[in-house]
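# Report on the structure
Here is what each chain is made of, one letter per residue.
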Amino acid sequence: MFSPPDPPNLPSVSVSPSEIVEGSSVTLTCSSDANPAAKYTWYKSDTHLKSIHEEPQFIFTSIKSSDSGQYYCEAGNTLGKSRSESVSIDVKYRPKLPSVSVTAKYTWYKSDTHLKSIHEEPQFVFRSIKSSDSGQYYCEGENKLGKSRSESVSIDVKYRPNLPSVSVSPSEIVEGSSVTLTCSSDANPAANYTWYKSDTHLKSIHEEPQFVFRSIKSSDSGQYYCEAGNKLGKSRSESVSIDTGQQLPQDWIIETSEIISLVLVLITSAHMLHHLQSV
């Protein structure tokens, strides 16, 4: 009787024996009803669909523990393909003989510590990491056959700005002179800076690390502070006092100079008069 062409039905997979022990022979069998007859391809799930066998039977003559995993087969003919359900292969094996002599010893180093050992376990755990822990780290494995060093790994600890400090230059401030306020704070990522004058209801008056008065006025006198901020938080400096001293009027300086000159003349005249009287 004539059978019409048909793509493969869902393949079935059988495993023999059911109990798999390392070193034994194990056979996987794939079967599917198809017309024309199917060709079979085997795959292991962790091999990125790379074909590992192309027969209805996949035989491990002496199976290893590394052969454990998920397997499936694909049946195909000119009319199409069909894939089986995965089957699990779990290879039982006796305990491996421990080899203490080749067990590696691990040592951790931080690059800026002049190769001083900082830890001696496979894992290096920071229970509560600090900004000072930033740096380059590497580990070294050693056994009786030698040593091997890893590539360095970079640890970059982010933190909010520390309390900013403010400096004033020059320390003696005279009206009309140039005065620079400088704000600095340790932060990672780098801080943005904002300046405030205490009597301006916290309105920002400048947004740079330096606040420069090109020609300071008496009205600039007051209390100033800066704020350093990054995406992790903000920190405010102590206030600094700017007290602008008044310059002496020019005409007052001239009059004072004339008075001093007159006093000197009077002192000189009195001295000469006293000398003549003595003679």
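An account of the accompanying structure is given in this report. A quick note: this is a predicted structure, and the numbers were derived from the prediction, not measured.

In the structure shown here, the tally under the stated rule is two disulfides. For Cys 30, the disulfide goes to Cys 73, at an S-S distance of 1.9 Å. Linking Cys 30 and Cys 73, the disulfide has an S-S dihedral of approximately 60° and is accordingly described as right-handed. Taken as a pair, Cys 30 in strand β2 (residues 26-31) and Cys 73 in strand β6 (residues 69-77) lie far apart in primary sequence, 43 residues in all. Look at Cys 73 and you get buried, because its relative accessible area is 0%. The disulfide partner of Cys 183 is Cys 226, and the S-S distance across this bridge is 1.9 Å. Taking the sign of the S-S torsion, 60° for the link of Cys 183 and Cys 226, the bridge is right-handed. Placement of Cys 183 in strand β15 (residues 179-184) and of Cys 226 in strand β19 (residues 222-230) is noted, with a sequence separation of 43 residues between them. Exposure class is identical for Cys 183 and Cys 226. Each is buried. Each bonded cysteine in the chain gets a number by its place in the sequence, and the pairs come out as 1-2, 3-4.

Reading guide: rules and limits
Residues numbered from 1 in each chain as written. Predicted model: local features only at pLDDT ≥ 70, side-chain atom pairs only at ≥ 80, totals over all residues. Heavy atoms only, no water. Disulfide = S-S within 2.5 Å. Helix = DSSP H or I, 4+ residues; strand = E, 2+ residues; numbered from the N terminus. Buried < 20%, exposed > 50% of the residue type's maximum accessible area, 1.4 Å probe, protein only.

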